[in-house]
Amino acid sequence: MKYEYAPDLQAIAEDVCNLIFPHIQLHNIKCLRGYGSSSKYTLARCHALGKLMQKALHRPAFYAIEFLSENFDNLGEEEQLKIIIHELMHIPRSFGGGFKHHDYVCEKNINQCYKDYKKLKGEKKWFIKKLD
């Protein structure tokens, strides 16, 4: 596998966090694209720096979100956004290095977060236009 930072996905993830996941510490998450995966069905993965490593390295929790280029990049914008939301939903409010599982990160909740984001994003654009 080869990895590179994904500033385009990072910008989207940060925008999503600013609007619907304010508990996520933006300076402690990074989005990366992975190339060369043999996985046929995995689109993205969220990785965390666990408690033991946090203590050993004297640093707070950190999350890396990996997007598998071969499977993710060819999707439409809506599906990509839902996947970004999905991965961010795995990060708990405590931002302590753990994960929320798929009993919470499910299609129903992802779709609700997607709707909330689109609504707030639309309101944000309207507000910005009104100020101009």
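For the structure, see preceding data.
What counts and what doesn't
Residues numbered from 1 in each chain as written. Predicted model: local features only at pLDDT ≥ 70, side-chain atom pairs only at ≥ 80, totals over all residues. Heavy atoms only, no water. Core = buried A, V, L, I, M, F, W, Y, C linked by side-chain atoms within 4.5 Å. Buried < 20%, exposed > 50% of the residue type's maximum accessible area, 1.4 Å probe, protein only. Helix = DSSP H or I, 4+ residues; strand = E, 2+ residues; numbered from the N terminus. Contact = heavy atoms within 4.5 Å. Phe/Tyr/Trp six-rings, centres within 6.5 Å; stacked < 30°, edge-to-face > 60°.

## Let's talk about the nonpolar core
Ranked by size, the top nonpolar core spans 30 residues in total, and within it Phe21, Phe67, Ile85 and Leu88 carry the most contacts. Those elements giving two or more residues to this core turn out to be helix H1 (7-20), strand E2 (29-35), strand E3 (44-48), strand E4 (63-68), helix H4 (77-89) and helix H5 (107-131). It is H4 that contributes the most residues to this core, 6 residues altogether. Leaving out residues up to four positions away in the same chain, Leu88 has contacts with Ala13, Val16, Cys17, Phe21, Ile24, Ile29 and Ile65.

## Brief notes about the packing of aromatic side chains
In total, this model carries 3 aromatic pairs according to the counting rule given. Between Tyr63 and Phe99 the ring centres are 6.1 Å apart and the planes differ by 85 degrees, which places this aromatic pair in the edge-to-face class. Linking Tyr63 in strand E4 with Phe99 in the loop between H4 and H5, this pair joins segments that are 36 residues apart in sequence. With centroids separated by 4.8 Å and ring planes inclined at 50 degrees, the aromatic side chains of Phe67 and Phe72 adopt a geometry described as tilted. Here Phe67 and Phe72 have matching classes, each one buried.

## Section: the environment of Phe62
When you line up the elements, Phe62 lands in the loop between helix H2 (51-57) and E4. Take Phe62: its relative accessible area is 21%, and that puts it in the partly exposed class. Sequence spacing of Phe62 and Gly98 is 36 residues, and the spatial spacing of their C-alpha atoms is 9.9 Å. For Phe62, the residues in contact, after removing those within four places along its chain, are His27, Asn28, Ile29, Lys30, His47, Ala48 and Leu49.

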